Amino acid sequence: MAAAATLSLAVFQARSAVHAWDTWGPRARAEFDPVFGTFTGFQLAQFAFGLLGVLAVTAEYGTGTIRATFAATPRRGRVMAAKLLVVGGTAFVAGELLAFFTFFAGQAGLAGKHLDVGLGEPNVLRAVLGQGSTSAPSPCSAPRSA
């Protein structure tokens, strides 16, 4: 649900910018960032990933199955490292995929006024990769075509 909401917000934000573009002043147009604007809803997905991490760590403690886990593998560091690799790796891949889908969905919405940018523009690929792997959105100074 968080991924669908993130994608929907990206498309909504892009279409909103396209419809309002003609009413914006020169300063608002100059400050418009076509990459950062499409990632405004990404916090929903980041919240869901954080919740997944909390559930992955606390679920065994809540049910008491952590005793069996530590009986089978007494080294807690290995257990936590395995959880980190599995949950973290899955969240990383899912986050990167969602970042690219969100980027392309937003750019498709911005294409109506030729406000879209491609991955080859300066700093765009870095911003998309960073968005998928971090918890804080990072603005990008990508040029846009007017």
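Just above sits the structure.
Below is a short write-up of the structure. (Residues numbered from 1 in each chain as written. Predicted model: local features only at pLDDT ≥ 70, side-chain atom pairs only at ≥ 80, totals over all residues. Heavy atoms only, no water.)

Some words on the overall build of the protein chain
To keep it simple, the criterion reads: Starting at the N terminus, helices and strands are each numbered in turn, a helix being any DSSP run of H or I of at least four residues and a strand any DSSP run of E of at least two. We compute the radius of gyration over the C-alpha atoms and compare it with the globule rule, which gives 2.2 Å times the number of residues raised to the power 0.38. Three exposure classes are used, based on accessible area relative to the maximum for each residue type with a 1.4 Å probe and protein chains only: buried under 20%, partly exposed in between, and exposed over 50%. Whether two residues are in contact is decided by their heavy atoms, any of which lying within 4.5 Å being enough. The method behind every accessible area is Shrake-Rupley, applied with a 1.4 Å probe, and residues are considered shielded solely by the protein chains displayed. Within this scheme the basic residues Lys and Arg register as positive and the acidic residues Asp and Glu register as negative, but His and the chain ends are omitted. For the purpose of locating charges, the reference atoms are NZ of Lys, CZ of Arg, CG of Asp and CD of Glu.
Scanning the protein chain from N- to C-terminus turns up six helices and zero strands. Moving toward the C terminus, one meets the helices and strands of the protein chain in the order α-α-α-α-α-α. What you see for the protein chain is a C-alpha radius of gyration of 20 Å, clearly larger than the 15 Å of a compact globule of 146 residues, by over 25%. Taken over the C-alpha atoms alone, the protein chain extends approximately 65 × 25 × 20 Å along its principal axes. Here the protein chain holds 146 residues, and the buried ones make up 32% of them. The long-range share in the protein chain, meaning contacts at least 24 apart out of those at least 6 apart in sequence, stands at 72%. Counting every atom, the protein chain has about 8500 Å² of accessible surface; 68% of that belongs to carbon and sulfur. For the protein chain, the distance from the average site of its 11 positive side-chain charges to the average site of its 7 negative ones is 13 Å.

Digging into the packing of aromatic side chains
Rules: In summary, the pairing rule links any two rings of Phe, Tyr or Trp, Trp by its six-membered ring, whose centres are within 6.5 Å, and it sorts them by plane angle into stacked for under 30 degrees, edge-to-face for over 60 and tilted for everything else. We count a charge as sitting over a ring when the NZ of a lysine or the CZ of an arginine lies within 6 Å of the ring centre and within 35 degrees of the ring normal.
As enumerated under the stated definition, the model contains six aromatic pairs in all. Ring plane angle 65 degrees and centroid distance 5.3 Å describe the contact between F103 and F104, whose orientation is recorded as edge-to-face. F103 gets classed as buried once you look at its relative accessible area, which sits at 1%. By the ring-pair criterion, three or more aromatic residues cluster together here, those being W21, W24 and F32. Here the guanidinium or amino end of R76 rests over the ring plane of F70, the centre of that ring lying 4.4 Å away.

Considerations on unusual backbone geometry
In this structure, H114 takes a positive phi of about 60 degrees despite not being glycine. Phi is positive for N123, which is not a glycine, with a value near 70 degrees. Position of N123 among the secondary structure elements: in the loop between α5 (76–110) and α6 (124–133). For N123, a relative accessible area of 35% translates into the label partly exposed.

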